[in-house]
Amino acid sequence: MATAAQLDATFGALADPTRRAILARLSRGDASVNELAAPFAMSQPAISKHLKVLESAGLVTTDRDGQRRPRRLQPARLAEANAWLEQYREFWESSFRRLDDVLVELQPRKSPRQPRSRRRGH
C-alpha cells in the first residue's frame, strides 16, 4: 500500500486538469515534451513544470532515446491511488445497501385491495 506522502503527491498531481490530460495522452503511448505541449495553449517550459510534478509523484518517467527524451506513464502510482479509493467505494456501497434495506422496511405495507362498491345513481 502507498504511504501517505505518496498518496498526497499522486492526488496533488491529479488535481490539475492539464496534468490529467497529459496522463490521458501518455496512456496511449510515450510522447516528447513537444508532442505533449501541442494541444495546450501554453509554453514548453510550462508543460515541463507540469511534467516535473508528474515525475515527482512517480506518475511519469523520462526515457532516453538518442536525442529524444520521451515521457512514459508509470501506472503503479495510479494503481496505488485506486486501491486506496477502492476501500471507500466498498464502504459506501455497503452503506447504501444498508440504507436500501431500511427504506424498504419503512415503506408502508400495502393491504390487498378491496373492490369498491359502486354506488347506484352516479
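All of these numbers come straight from a predicted model, not from anything done at the bench.

Colleague: What is the right way to read the environment of Leu 26 from this model?
Modeller: Of note, Leu 26 is situated in helix α2 (residues 17–26). Sequence spacing of Leu 26 and Gln 74 is 48 residues, and the spatial spacing of their C-alpha atoms is 9.2 Å. Beyond its immediate chain neighbours, meaning those up to four positions away, Leu 26 contacts Ala 31, Leu 36, Val 60, Arg 71 and Leu 73.

Colleague: Got a minute to help me understand the pattern of salt bridges in this structure?
Modeller: When the charged atoms of two side chains with opposite charge come close together, those side chains can pair. Counted under the stated rule, the structure contains seven salt bridges. Arg 71 serves as the salt-bridge partner of Glu 55, at 3.2 Å between the closest nitrogen and oxygen. In this pair, Glu 55 sits in helix α4 (residues 44–56) while Arg 71 sits in strand β2 (residues 71–73), placing the two residues 16 residues apart along the sequence. For the salt bridge of Asp 63 with Arg 72, the shortest nitrogen-to-oxygen distance reads 3.0 Å. By relative accessible area, which is 35% here, Arg 72 ends up partly exposed.

Colleague: Would you mind showing me how to read the packing of aromatic side chains here?
Modeller: Summed over all chains, the structure comprises four aromatic pairs. For the pair Trp 92 and Phe 96, a centre-to-centre distance of 6.0 Å together with 35° between the ring planes defines the contact as tilted. Remark: Phe 96 and Trp 92 occur in helix α5 (residues 75–106); sequence separation between them is four residues, near one turn of the helix. By relative accessible area, which is 46% here, Trp 92 ends up partly exposed.

Colleague: Help me out: how do you make sense of the confidence of the model for the chain in this one?
Modeller: A low pLDDT score tells you not to read the predicted coordinates there in detail. Considering every residue of the chain, the mean pLDDT works out to 89; 89% of them sit at 70 or more. Within the chain, α5 has the poorest average pLDDT of any element, 89, and α2 the best, 97.

Colleague: Explanation requested: the packing of helix α1 (residues 4–14) against α5 in the structure shown.
Modeller: A packed helix pair is summarised by two numbers, namely the angle formed by the two axes and the spacing between the axes. Packing of α1 against α5 leaves a shortest axis separation of 10 Å and a crossing angle of 100°. Taken together, α1 and α5 sit at an angle that is classed as roughly perpendicular. Residue-level inspection shows Gln 6, Leu 7, Thr 10, Phe 11 and Leu 14 of α1 in contact with α5, the latter providing Arg 77, Leu 78, Glu 80, Ala 81, Trp 84 and Leu 85. A breakdown of the residues in the contact of α1 with α5 according to their chemical character gives seven nonpolar, two polar and two charged.

Criteria and cut-off values
- Residues numbered from 1 in each chain as written.
- Predicted model: local features only at pLDDT ≥ 70, side-chain atom pairs only at ≥ 80, totals over all residues.
- Heavy atoms only, no water.
- Helix = DSSP H or I, 4+ residues; strand = E, 2+ residues; numbered from the N terminus.
- Contact = heavy atoms within 4.5 Å.
- Salt bridge = Lys/Arg side-chain N within 4 Å of Asp/Glu carboxyl O.
- Buried < 20%, exposed > 50% of the residue type's maximum accessible area, 1.4 Å probe, protein only.
- Phe/Tyr/Trp six-rings, centres within 6.5 Å; stacked < 30°, edge-to-face > 60°.
- pLDDT = per-residue confidence, 0-100.
- Axes fitted to C-alpha atoms, helices over the stretch in contact; angles between N-to-C directions.
- Parallel < 35°, antiparallel > 145°, perpendicular 65-115°, else oblique.
- Nonpolar A, V, L, I, M, F, W, Y, C, P; charged D, E, K, R; others polar.

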